[in-house]
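Breakdown of the fold
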Amino acid sequence: MKLLYTNFHAGDGGGHTTYIRALAAALAARHEVHVAAPPGSRLNREARALPGVFVIDQPFPNGLNKWKARRRARARLAAYLRAQAFDVVHVNGSADHRLVLSAMPATRPSLVWTKHNSKPVRGLGAWLRARRTDQVIAVCDYTRRELLHTAYRHCRLDTVYNGVDIEHWCPWPAELAAAERRRWTGGEDSVLLLGSNAGTASYKGWMDLVEALALLPEATRRQVRVLLAGVPPKAEELARVAELGLSDQIVFPGVLSDPRPLVAALDAGFVLSYDVETISFACREMMAMGKPMLLTDYAGLPENLESGVDGWLVPVRDRSAIAASVANLLAQRDALPSMGAAARRHAEREFGLPLFVERTEAVYERLIAAR
């Protein structure tokens, strides 16, 4: 097959970049793979380092005040689509979805859209895009169920769970993990290290964890330290942490080029999202490293784990429930390593890249055969 992946993000791109890069790297060995991404973006840069992957500098201007830039971008993309005659174009967001549809040649390739977030799908624009989209990939069953109530219910609809590189994200040897742990605890064995590499966006719910810790008796909360990798929080968020008297216990290491040392140090991970989230790459990465997870019952997050076996679920934004779960983690410290081992086994069964790539490739093949 001849495949084109598109992504509108001009910067990091988050999970979109991780998703497309993984597919492009794996499928380039047996298909012709192209990637269209804005110049200077992380996807553009990282795709250029992948053997056999062709990359086009393609902006995806968005907004009425960018109509001139959009016209130029459309002409560039239309010429590329005509020249290359792709079998499948796989779009990943509204901005690239719109531009691709406007640039489609008369003899058009099959169009696949992956729904990466939990934002509502509604309005005339979504209806128009759905009419010309052949296949939708939902990254969790929650998303698929939600799409069945939208204009996309008339498209082919499949769930393909996101995969992570479980060889890269794997448990560290005990000695190395212990050394990383000492780095954050100062050698205090009684400290419970909770952490996340899911970022510091407000919808990730990390402030709910901070508020929950403030509900615990001082002697209890002093046993907990939280590590949160990502862009430094806003000044008002830091002020709230200080107001709650938790500045010494909530640590922000910043954006990490490799979060694995931080994850290796943890006793447990958390993703407490209340918006936007679907399945969470970060959750799956931490589970692959053998960390039990504290998750909210939001969107597709519960589909990552078996509650009580490799993690715990709490109601969205319920600080009391989160506080009770943290107290429970402290009470069952001895069980955390075995729950982490269960998380790793779960990852080996279901989260690996080969399964993710195989299922995505099968979607393309079924679509082409049907057309």
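Up top you'll find the structure we're talking about.
Note that this is a predicted model, so its numbers are computed, not measured.

1. So, the overall build of the chain
Scanning the chain from N- to C-terminus turns up 15 helices and 13 strands. A globule of 371 residues ought to have a C-alpha radius of gyration of about 21 Å, and the chain, at 22 Å, matches this closely. For the chain, the residues scored as buried account for 55% of the 371 residues in total.

2. A look at the pairing of strand S6 (residues 135-138)
Side chains of S6 alternate between two faces, with Gln 135 and Ile 137 and Val 136 and Ala 138 buried alike. Here strand S5 (residues 110-115) pairs with S6 via 4 bridges, running parallel. Each residue of the ladder has a partner; that of Lys 115, found in S6, is Ala 138. Regarding the hand of the β-α-β motif, the stretch spanning S5, helix H5 (residues 123-131) and S6 is right-handed. Both S6 and strand S7 (residues 156-159) contribute to a ladder of 4 bridges, which runs parallel. Opposite Gln 135, over in S7, you have Arg 156 as the bridge partner. Remark: the S6/helix H6 (residues 141-147)/S7 crossover connection has right-handed handedness.

3. Description of the packing of aromatic side chains
For the structure on display, the rule yields 4 aromatic pairs. Their ring planes at 40° and their centres at 6.0 Å tell us that Tyr 80 and Phe 86 sit as a pair that is tilted. Classification of Tyr 80 by relative accessible area gives buried; the value is 16%. Its guanidinium or amino end placed over the ring of Phe 86, Lys 2 lies 5.7 Å from that ring's centre, counting from NZ or CZ. Its end group placed over the ring of Tyr 274, Arg 317 keeps NZ or CZ at 3.9 Å from the ring centre.

4. Thoughts on the environment of Met 1
With respect to the helices, strands and loops of the structure, Met 1 is situated in the segment before strand S1 (2-6). According to the relative accessible area criterion, Met 1 is partly exposed, its value standing at 24%. Put simply, Met 1 and Arg 144 are 143 residues apart on the chain and 26 Å apart in space, counted from C-alpha to C-alpha. Here Met 1 is in contact with His 31, Glu 32, Asp 87, Glu 361, Tyr 364, Glu 365 and Ile 368, once residues within four sequence places are set aside.

5. Some points on the packing of helix H12 (residues 281-288) against helix H14 (residues 336-350)
The packing of two helices is summarised by the inter-axis angle and the distance between the axes. The N-to-C vectors of H12 and H14 enclose an angle of 115°; their axes lie 7 Å apart at closest approach. Contact residues: H12 offers Arg 284, Met 287 and Ala 288, while H14 offers Ala 343, Arg 344, His 346, Ala 347 and Glu 350. A per-class count over the contact of H12 with H14 returns 4 nonpolar, 1 polar and 3 charged.

6. Regarding a nonpolar patch on the surface
On the surface, a cluster of nonpolar side chains totalling about 320 Å² of accessible area is made up of Leu 124, Trp 127 and Leu 128. Looking at where Leu 124 falls in the secondary structure, it is placed in helix H5. What makes Leu 124 exposed here is its relative accessible area of 60%.

7. Notes on helix H3 (residues 67-84)
Over its 18 residues, H3 runs 25 Å from end to end, which matches the ideal 26 Å to within 8%, given 1.5 Å per residue. By the burial criterion, the buried members of H3 are Ala 73, Leu 77, Ala 78, Tyr 80, Leu 81 and Gln 84. Projected down its long axis, H3 carries its buried residues within an arc of 165°, all on one side. Opposite the buried face of H3, at more than 90 degrees from it, the exposed residues are Arg 71, Arg 72, Arg 82 and Ala 83. Buried residues in H3 make contact with S1, strand S2 (32-37), strand S3 (53-57), strand S4 (88-91) and helix H4 (94-103).

8. Focus: helix H1 (residues 14-27)
Along its 14 residues, H1 runs 21 Å from first to last C-alpha, staying within 8% of the 20 Å computed at 1.5 Å per residue. Within the sequence span of H1, burial applies to His 16, Thr 17, Thr 18, Tyr 19, Ile 20, Ala 22, Leu 23, Ala 24 and Leu 27.

9. Observations concerning the side chain of Thr 150
Relative to the elements of secondary structure, Thr 150 occurs in the loop between H6 and S7. A distance of 2.8 Å separates a polar atom in the side chain of Thr 150 from the backbone oxygen of Leu 147.

So, how was this worked out
- Residues numbered from 1 in each chain as written.
- Predicted model: local features only at pLDDT ≥ 70, side-chain atom pairs only at ≥ 80, totals over all residues.
- Heavy atoms only, no water.
- Helix = DSSP H or I, 4+ residues; strand = E, 2+ residues; numbered from the N terminus.
- Rg over C-alpha atoms; globule rule 2.2 N^0.38 Å.
- Buried < 20%, exposed > 50% of the residue type's maximum accessible area, 1.4 Å probe, protein only.
- Pairing = 2+ DSSP bridges.
- Right-handed = clockwise from strand over helix to strand, strands pointing away.
- Phe/Tyr/Trp six-rings, centres within 6.5 Å; stacked < 30°, edge-to-face > 60°.
- Lys NZ or Arg CZ within 6 Å of the ring centre and 35° of its normal.
- Contact = heavy atoms within 4.5 Å.
- Axes fitted to C-alpha atoms, helices over the stretch in contact; angles between N-to-C directions.
- Nonpolar A, V, L, I, M, F, W, Y, C, P; charged D, E, K, R; others polar.
- Patch = residues over 30% accessible without salt bridge, like charges linked within 9 Å, V, L, I, M, F, W, Y side chains within 5 Å.
- Areas by Shrake-Rupley, 256 points an atom, 1.4 Å probe, with all protein chains shown as cover.
- Salt bridge = Lys/Arg side-chain N within 4 Å of Asp/Glu carboxyl O.
- Expected span 1.5 Å × (residues − 1).
- Arc of directions from axis to C-beta.
- Polar contact = N/O pair within 3.5 Å; in protein donor to acceptor, adjacent residues only side chain to side chain.

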